[in-house]
Amino acid sequence: MRKIYTPASAAAETLEAIKFLEGRWKLIILFHLFDGKVQRYSDFEKLIPDISQKMLAQQLRKLEADGIVQRKVYPQVPPKVEYRLTAWGQALCPALDALLNWAEQKESIEETA
């Protein structure tokens, strides 16, 4: 059964949900993992050239700790580490697609105004 929200409880729950995604790089990392993609650490470095190694490691660790990203380490030299979305992380895709669609509407709304 779905929760029924009041304006106050909806605001509080939204704030809690946003905490999972706050940070300059988390959404960019997530978009690179959508559609079941698996990325290695070095892939992220190439895909997001403006992020420092330290920040990339921090953001990936936080996403993993929050249960959004799964990290798999292969016992080999050099180390091989892969990242993929958990089922809960993958469930975020429709919400972020909706956010992109909402942002696209700005131009068409401004043109008609």
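Since this is a predicted model, take the numbers as computed values, not measurements.

Core analysis: the biggest nonpolar cluster contains 19 residues, and Ile29, Leu30, Leu33, Phe44, Val69, Tyr83 and Leu85 have the highest contact counts within it. With sequence-adjacent residues up to four places away left out, Phe44 is seen in contact with Ile29, His32, Leu33, Gln39, Leu56, Leu60 and Tyr83.

It is possible for side chains bearing opposite charge to pair when their charged atoms get close. A complete count under the given rule lists four salt bridges for this structure. For the salt bridge of Lys3 with Glu13, the shortest nitrogen-to-oxygen distance reads 3.3 Å. With Lys3 in the segment before α1 (7-21) and Glu13 in helix α1, this pair connects stretches of sequence that are 10 residues apart. On the basis of relative accessibility, which here comes to 35%, the residue Glu13 falls in the partly exposed class. Here Lys62 and Asp66 are joined by a salt bridge, their closest N and O atoms 3.3 Å apart. When its relative accessible area of 40% is taken as the criterion, Lys62 is described as partly exposed.

Further remarks concern the side chain of Gln39. Within the element layout of this structure, Gln39 appears in strand β1 (residues 39-40). On the basis of relative accessibility, which here comes to 12%, the residue Gln39 falls in the buried class. Side-chain polar atoms of Gln39 contact the backbone oxygen of His32, separated by 3.1 Å. Filtering out sequence-adjacent residues up to four positions away, Gln39 remains in contact with His32, Leu33, Phe44, Leu47, Val81, Glu82 and Tyr83.

For the rest of this paragraph, the subject is the pairing of strand β2 (residues 69-74). Across six bridges, β2 lies against strand β3 (residues 80-85) in antiparallel orientation. By the bridge assignment, Arg71 is partnered in β3 with Tyr83. The hairpin turn running from β2 into β3, its antiparallel successor, is five residues long.

What counts and how
- Residues numbered from 1 in each chain as written.
- Predicted model: local features only at pLDDT ≥ 70, side-chain atom pairs only at ≥ 80, totals over all residues.
- Heavy atoms only, no water.
- Core = buried A, V, L, I, M, F, W, Y, C linked by side-chain atoms within 4.5 Å.
- Buried < 20%, exposed > 50% of the residue type's maximum accessible area, 1.4 Å probe, protein only.
- Contact = heavy atoms within 4.5 Å.
- Salt bridge = Lys/Arg side-chain N within 4 Å of Asp/Glu carboxyl O.
- Helix = DSSP H or I, 4+ residues; strand = E, 2+ residues; numbered from the N terminus.
- Polar contact = N/O pair within 3.5 Å; in protein donor to acceptor, adjacent residues only side chain to side chain.
- Pairing = 2+ DSSP bridges.

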